[in-house]
Amino acid sequence: MGAERTTSIPTGTVTFLFTDIEGSTPLWDAHPDEMGIALPRHDSILRSAIDRHDGYIFSTAGDGLAAAFATAADAIAAAIDAQRLLHDEAWPDPIRLHVRMGLNTGETDERDGDYFGPPVNRAARLMGVANGGQIVLSAATAHLVRDIASLTLLDLGSARLKGFADPVQVFGVSARGLDWIDTPLVTAQSSAGNLPRPNTEYVGDLADLQRRVAVLPDTRLVTLTGSGGVGKTRAAVEVAWLAIDEYVDGAWIVELGPIADPDAVATAIASSLHVVPQPAMTTAESIVDWCLGRRMLLILDNCEHVLAPFVGLVSTITTSCETATVLATSREPLGIAGEIVIRIPSLSPDHGVELFIQRATAADASFASGAAERDTITSICDRLDGIPLAIELAASRSRSLTPDELLERLNDRFRLLRSAGRGGLERHQTLRATVSWSYQLLSDVDQTLFDRLTVFAGGFDLAAAEAICCGRGVAEIDIADVLGELVDKSMVGAERVDGATRYQLLETLRQFGEERLEERGDTEWLRTAHLAHYETIAGRLGAAWLGPEQLVADRRFDLEWDNIRAAHQWASTVEDLDRAVAISGHVSTHAWSRLRNEVAEWAEQARVLAEARGQHPVTVLNEVAYWTYIGGSVDRAIALAEQGLADTTDPSGAVRCRANLLYALMTAGRAAEVAPHLPALHDAARSRDIEPASRWLAAWARFQGLVGGPASASALEQLEEISAELDVPTYNAELRRMRGMFKLTGEEPDYDGAIADLHQAIEMIEKVSLRVGWAEANVAIAVVFGERPDRVTVVRRALAAAYDVRNWPAMEMTFELAANLLARAADREAADTMMGHLLLHPAGWGEGGVTFRASTLEMLAGGERSEERRAEGRTMERHEFVAYVLAHLDAIVAA
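Bear in mind the structure is a predicted one, so any value in this text is a computation, not a measurement.

## Observations regarding the pattern of salt bridges
Argument step 1. For the structure on display, the rule yields 51 salt bridges.
Argument step 2. The partner of R565 in a salt bridge is D562, and the shortest N-O contact between them spans 2.9 Å. Taken together, the residues span about one helical turn, with R565 and D562 both in helix α21 (residues 550-573) at a distance of 3 residues.
Argument step 3. By relative accessible area, R565 is classed as buried at 8%.
Argument step 4. Linked by salt bridges that have partners in common, R432, E515, R516 and E519 make up one network.

## Remarks on the packing of aromatic side chains
Argument step 1. Taken as a whole, this structure holds 25 aromatic pairs when the rule is applied.
Argument step 2. Residues F456 and Y534 carry aromatic rings whose centres are separated by 6.4 Å and whose planes lie at 85° to one another, so their mutual orientation is edge-to-face. Remark: Y534 occurs in helix α20 (residues 523-545) and F456 occurs in the loop between α16 (444-453) and α17 (462-469); sequence separation between them is 78 residues. In this pair, the class of F456 matches that of Y534, namely buried.
Argument step 3. On the basis of an interplanar angle of 65° and a centroid distance of 6.3 Å, the ring pair of W545 and W592 is categorised as edge-to-face.

## So, unusual backbone geometry
Argument step 1. In this structure, P94 follows D93 across a cis peptide bond, with omega equal to 0°.
Argument step 2. Here P94 is to be found in the loop between α3 (72-88) and β4 (99-107).
Argument step 3. A positive phi angle, near 55°, is found at L595, a position not held by glycine.
Argument step 4. Within the element layout of this structure, L595 appears in the loop between α23 (588-594) and α24 (598-612).
Argument step 5. The backbone of R865 shows a phi angle near 60°, a positive value even though the residue is not glycine.
Argument step 6. Along the polypeptide, R865 turns up in the loop between α37 (846-860) and α38 (866-875).

## Here we look at the packing of α20 against helix α22 (residues 577-586)
Argument step 1. α22 packs onto α20 with a crossing angle of 30° between their chain directions and a minimal axis gap of 8 Å. Between α20 and α22, the interaxial angle falls into the category roughly parallel. For the pair α20 and α22, the crossing hand works out as left-handed. Seen from α20, the contacting residues are L531, A532, E535, A538, G539 and G542; seen from α22, they are R579, A582, I583 and H586.
Argument step 2. Residues of the contact of α20 with α22, tallied by class, amount to 5 nonpolar, 3 polar and 2 charged.

## A short note on a negative patch on the surface
Argument step 1. Taken together, the side chains of E829, E872, E877 and E880 define an acidic patch exposed on the protein surface.
Argument step 2. Its location among the elements puts E829 in helix α36 (residues 828-838).
Argument step 3. For E829, a relative accessible area of 43% gives the class partly exposed.

## Considerations on helix α19 (residues 507-520)
Residues separated by three or four positions in an α-helix point in the same direction, a consequence of the helix having 3.6 residues per turn.
Argument step 1. With 14 residues, α19 extends 20 Å between its outermost C-alpha atoms, agreeing within 8% with the 20 Å of an ideal straight helix rising 1.5 Å per residue.
Argument step 2. Within the span of α19, buried status applies to E507, T508, L509, R510, F512, G513, R516 and L517.
Argument step 3. Residue G521 follows α19 closely and has a positive phi angle near 80°.

## Considerations on the confidence of the model for the protein
Argument step 1. Predicted confidence across the protein gives a mean pLDDT of 88, with 96% of residues reaching 70 or more.
Argument step 2. The element-level mean pLDDT for the protein is lowest in helix α14 (residues 403-422), coming to 69, with α20 highest at 97.
Argument step 3. Low pLDDT, under 50, characterises residues 1-6; the stretch is placed with 20 contacts to residues that sit more than four places away or in other chains.
Argument step 4. Counting interchain partners and residues more than four positions distant, the pLDDT-below-50 stretch residues 417-425 has 10 contacts.

Parameters and conventions
- The residue count restarts for each chain, going from 1 along the sequence in the order it is written.
- Local features in this predicted model are restricted to residues of pLDDT 70 or higher, and side-chain atom pairs are both shown and tallied only at a pLDDT of 80 or more, whereas totals for entire chains, interfaces and linings draw on every residue.
- Side-chain metrics in this entry use all non-hydrogen atoms of the structure; hydrogen atoms and water are not considered.
- Each salt bridge in this description consists of a side-chain nitrogen of Lys or Arg and a carboxyl oxygen of Asp or Glu lying within 4 Å of one another.
- A run of DSSP states H or I qualifies as a helix once it reaches four residues; a run of E qualifies as a strand once it reaches two. Both are numbered from the N-terminal end.
- Only protein chains enter the accessibility calculation, which uses a 1.4 Å probe; a residue is then buried when its area is under 20% of its type maximum, exposed when over 50%, and partly exposed in between.
- Only the six-membered ring of Trp is used, alongside the rings of Phe and Tyr, when aromatic pairs are assigned; centres must lie within 6.5 Å, and planes under 30 degrees apart are stacked while those over 60 apart are edge-to-face, with the rest tilted.
- Working convention: axes come from line fits to C-alpha atoms, limited for helices to the stretch in contact. Angles between N-to-C directions cover 0 to 180 degrees.
- Roughly parallel means an angle under 35 degrees; roughly antiparallel, over 145; roughly perpendicular, 65 to 115; everything else is oblique.
- For a crossing to be left-handed, the near helix must be turned anticlockwise from the far one by less than a right angle; the clockwise case is right-handed.
- Whether two residues touch is decided by their heavy atoms; if any such pair falls within 4.5 Å, the residues are in contact.
- Gly is put with the polar residues, along with every residue not named as nonpolar or charged; the nonpolar set is Ala, Val, Leu, Ile, Met, Phe, Trp, Tyr, Cys and Pro, and the charged set is Asp, Glu, Lys and Arg.
- Patches were defined on residues exceeding 30% relative accessible area and lacking a salt bridge, with like-charge contacts within 9 Å and nonpolar side-chain contacts (Val, Leu, Ile, Met, Phe, Trp, Tyr) within 5 Å.
- Residue exposure ignores everything except the shown protein chains as possible cover, and the areas themselves are Shrake-Rupley values with a 1.4 Å probe.
- In this count, Lys and Arg are taken as positive residues and Asp and Glu as negative ones, while His and the chain termini are left out.
- Here the site of a charge means NZ on Lys, CZ on Arg, CG on Asp, or CD on Glu.
- Every helix has an expected span of 1.5 Å times one less than the residues it contains.
- Per-residue confidence from the predictor is given as pLDDT, running between 0 and 100.

What follows is the structure in structure tokens.
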């Protein structure tokens, strides 16, 4: 970056113009000689236009530049002139440069010829959503130029800018000799993943961060390091939003700070990614399996306290998954081969002052920030080594201390530390000293509550703080006021989520408070109180899930998941089997709909603990059986369900055992063993002594076992009746899928009606839970049996959907369809290869599945080299097999 004077430096209210060449990197790669000629011309055109309209160039990073103007009219005139000249320029063949431009106006800080503050960042982000040849403006700039007669402003609506929490109004510019290029803006659309949108704008060197982004797409592992409180998490999120377009499979963040048990790291990562457990694989291996082939960014935040199990997993991901990038944050490098370590620096003096003023003004609207105060604030930031968290803690005291008084107290505090023989302070000592100083300024009750709040994993609400932290010197009635004081002093963070206030502690502050809590001897009783509270919360949410408020319950489960996990972990630690089993049961339906497969490990831990006591809780066996089936270990799922059915006297538990057993038997090709369970399911669905959710499951399982049979219509009616009673959105979507399946049966199947119902089911599922591939597989069956012309495309799409979530039972169904289509398309080699894999297992889904496979084998009868090809299919690695099938389906479509 370099500042270049073309006129006087604008100050006060300034309009910023940012420019960049669209697609310059591939142009340089393909035509370096021509670009060597074109770029100086580009630079000359922009500089001349800016100079003619009294602009000041303050940055020339990359192939773009940034300029400041005293008036919005000058800025827009410079942009229009430049675009006209760029359009008319005779570029060296085959080069044609298309430049995107963004403008924003606002009050900003100018220091030494450079500019700082949100208005500058917003101009850069506006430029980022423009296409080559477009000029886009913020609402602030558009308001200032709206009366210029030669301009036409086009309201482009609201757009999401990378790094901004809320949508921003964007306007396009058309003028004489410069038509608007009608191409949609390149907005930061929501994508796959769970990357949060920041609540505040990034304070720091944005241009430097953008340079760092450039290494991500071509790198397997980047670790952001730095001392506590330096802003590693915020930088990681900002970098991810800047690079999001490079990752078609999304950016995923896993917060490891709340994970106290290193052995729970893999399950927490799996749960955040919605990884389905895979047969004969550990959780870590299932994560690696899920990442294979995905172009994704995986952010693993706050790793330092769980490095031992973490390093091995990350190393395997980076060596096995060529298309995935891991972005880790840690106080120290991971020490993995190929790791690129980027140290997050402290804030520069200018950015430190900017942050201090922002936070001080938030604490006290009358806060003065004149020249004299700025000098003192600069000294404060220097004293605090530019550490953002330390600066925020200091700034929060601005309501009661002037900058001079604050600096004096900090000097006294640090002088005491140095006089104690510690010499110069390291950055981590500076932060700890600042945290300790802020803590000591709290009242006794404030300190006590702060320490107790460290029992929470992740965020929490006021009700939880009152329920868990009261007593032993802290009155419940006082907690709201004390919590407010801690927020005012930046010791606790607060934000509005779904209309309610959520609180959280930064990891550095939480660790400090945890140490104090341990010193007080209060850890054990608080964790027990935390367990009791969140067992109750999980129970309430589990009950709410089984009704019309399912989506509200899902959202609350998401918010409380870290605390529910921590509560279950404490129950396991102290061997409180009853509460561990209760929590697993309460979260079961939510976990099923969101693929939170860590519940499988919770259940397995409870099973081991129970067996050691000679117990076999049916709730635990059902959980283990279900997740074992989802992971493809069908035989073990059958054994567990049969064990639970033999041991239980609980009618609801027996229903779930039968449902798990029935589905696993059908998948295993053992449909003849299903019939004996159907009468019991029928009776359970009608019984008013069984709670409605179990009655629904009984009706659902019975219908599955009867599809195509004479009693399937009455089974569907029964399912519809109970679904109407419960009105659970996910169950309603599943009912729609069952209706579609029913229409595929009978002597005259209604293929059109079935496809319509199944597509509607897919739409409903997308709104209420995660797609796991079953409805898409059912659509594929309908189009194949209905002889639809698009059947190959639909089967391919169904296979890809099931593979995306690693739903192997659904994939096996689509493999049968694909083999049949390949045989019909005369691709015998591929069909025979597929049959080698399929014949490893009996045909699933009853007589229909057996008959369909037989028809495929009949088409392949008498083929040469069949056995050789089938041997190849039997030994093919499963990911390789999926790629093989998809490639041959693609070949049919292309032909």
